[in-house]
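Here are the chains, one letter per residue:
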Amino acid sequence: MHQLRLPLQLLRSARAARPRPARRFATEARLTTDHVRIVEVGPRDGLQNEKKSISLETKLELIERLSKTGVTTIEAGSFVPAKWVPQMASTSEILQHLIKTPPQSHNQIAYNYLVPNIRGLENLIKVLEAEGATAGSRGDSKSTTTTEVSLFAAATESFSKANTNCSISESIERARPIVTLAKEKDIRVRGYVSVALGCPYEGTDVSPSKVAEITATLLEMGADEVSVADTTGMGTAPRTLELLRALAAAGIANSDLALHFHDTYGQALVNTVVGLEHGIRIFDSSVGGLGGCPYSKGATGNVATEDLVHTLHGLGMHTGIDLEEMSRIGAWISGELGRANDSRAGKATVARLAGEKPCS
Ligand SMILES: CC(C)(COP(=O)([O-])OP(=O)([O-])OC[C@H]1O[C@@H](n2cnc3c(N)ncnc32)[C@H](O)[C@@H]1OP(=O)([O-])[O-])[C@@H](O)C(=O)NCCC(=O)NCCSC(=O)C[C@@](C)(O)CC(=O)[O-]
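So, how was this worked out
- Residues numbered from 1 in each chain as written.
- Predicted model: local features only at pLDDT ≥ 70, side-chain atom pairs only at ≥ 80, totals over all residues.
- Heavy atoms only, no water.
- UniProt positions renumbered as here; feature names shortened; annotations may be inferred.
- Helix = DSSP H or I, 4+ residues; strand = E, 2+ residues; numbered from the N terminus.
- Contact = heavy atoms within 4.5 Å.
- Areas by Shrake-Rupley, 256 points an atom, 1.4 Å probe, with all protein chains shown as cover.
- Buried < 20%, exposed > 50% of the residue type's maximum accessible area, 1.4 Å probe, protein only.
- Pairing = 2+ DSSP bridges.
- Axes fitted to C-alpha atoms, helices over the stretch in contact; angles between N-to-C directions.
- Parallel < 35°, antiparallel > 145°, perpendicular 65-115°, else oblique.

Named according to an unreviewed UniProt entry, the protein is hydroxymethylglutaryl-CoA lyase originating from Talaromyces rugulosus. Recorded under Sequence similarities (unreviewed entry), the UniProt text for the protein is reproduced unchanged: "Belongs to the HMG-CoA lyase family." Word for word, the UniProt comment on the protein under Pathway (unreviewed entry) is "Metabolic intermediate metabolism; (S)-3-hydroxy-3-methylglutaryl-CoA degradation; acetoacetate from (S)-3-hydroxy-3-methylglutaryl-CoA: step 1/1."

Following this line, the structure appears as structure tokens:
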């Protein structure tokens, strides 16, 4: 039986919260303990499973609009074989475009690309070099961009096999040269550990200590942060807390961790509050709740960015993100894809902006 502490500190700060202007510079914001960094994964995790082909123009418009919301990290694509994830086939063009024409934003933005193996990273570096660019800052002093990569491993053997066609230990060995080459090229590396709170094949029987062991290995290897992912959305508040305690017991600092919740069972925000209480300050989400998982039947997208931002601001935390603009983007991209907008806060915000009266 697990004891879940009530988020009293968060409730206190919510009472003290006042509407504040969006922060302009991520570096300034990162220094404060009430700042949460949101990693917007919509253009990659959100779009990768869409069956209908999405045009390059729509993807670029999505990334450009997101770049103006105050978000500081955006997953922009994946360097994976097209036969595995056809929707990500235009990733080279996206990187090329973002190098040549970095979106104008008020803050620094890191564009992140998933690389499943060394070949993926080499393909990314080829694009950078062909454009005469490095991963470091580009743009003017107001608007600078960097290029980052993410590699991924899973906490269960069956998911590892389905997602990356190899065992967990083989995936760790695949990760080593990626980290080495990325460091040589001064590219920041994020790691993912999928199915950390439930697996489509092995259910909720996922060992927290196994998740902690893989996370620690990725960090020791040189990953700059690891995002622990509830791919199936099966996580509950007590099991999230148990996992966070296992990560802490393995000596992993909260500052090295991000949490990545899919909202399949509607638990993502509850689990987010558990993470916040535990001291985590980096969370992944996708605008409009875009997404799903081909290996996890019925899995919905990530927690919607609009819902996450609304909750965090309500708790007195800062994200630097303009909720109204994010909500407009959620409505727009849902319409473009012909899918339902999965963000309640987003839909309510758009309705309010349109002058609709709230229901009594
Ligand atoms: C890892 C592999 C490549 C192994 O796949 P494999 O078939 O075992 O690889 P392979 O080395 O045998 O290569 C197969 C073919 O792909 C080519 N190839 C090989 N690598 C590349 C590359 N990088 N880019 C382009 N082409 C490549 C290679 O040259 C070969 O071409 P062929 O000879 O058949 O013509 C495959 O399993 C794969 O791509 N898996 C990734 C699947 C994926 O992207 N899943 C979704 C992302 S993970 C995720 O969404 C979870 C996350 C991160 O969001 C967190 C969460 O919620 O859990």
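After that view of the structure, there is still more to cover.
With that settled, consider the overall build of the protein. Looking only at helices and strands, the protein features 14 helices and nine strands. Expressed as a percentage of contacts within the protein between residues at least 6 apart in sequence, the contacts between residues at least 24 apart total 78%. A total accessible area of about 15,600 Å² is found for the protein, and carbon and sulfur atoms account for 52% of it.

Further remarks concern the pairing of strand β5 (residues 144-154). Within β5, eleven of the eleven residues are buried, which leaves it mostly tucked inside the rest of the structure. Here β5 shows no split at all, with Thr144, Thr146, Glu148, Ser150, Phe152 and Ala154 on one side and Thr145, Thr147, Val149, Leu151 and Ala153 on the other all buried. With six bridges joining them, strand β3 (residues 109-114) and β5 adopt parallel strand pairing. Directly across from Leu114, in β5, lies its bridge partner Ser150. Pairing of β5 with strand β6 (residues 188-194) involves seven bridges; the strand directions are parallel. In the sheet register, Val149 faces β6, and the bridge partner there is Val189.

Here we come to the packing of helix α13 (residues 323-337) against helix α14 (residues 344-353). In contact at an axis separation of 8 Å, α13 and α14 are set at 105° when each is read in the N-to-C sense. In this view, α13 runs roughly perpendicular relative to α14, as classed from their interaxial angle. In this structure, α13 uses Leu323, Glu324, Ser327, Arg328 and Ala331 to contact α14, whose residues at the interface are Ala345, Gly346, Thr349, Val350, Arg352 and Leu353.

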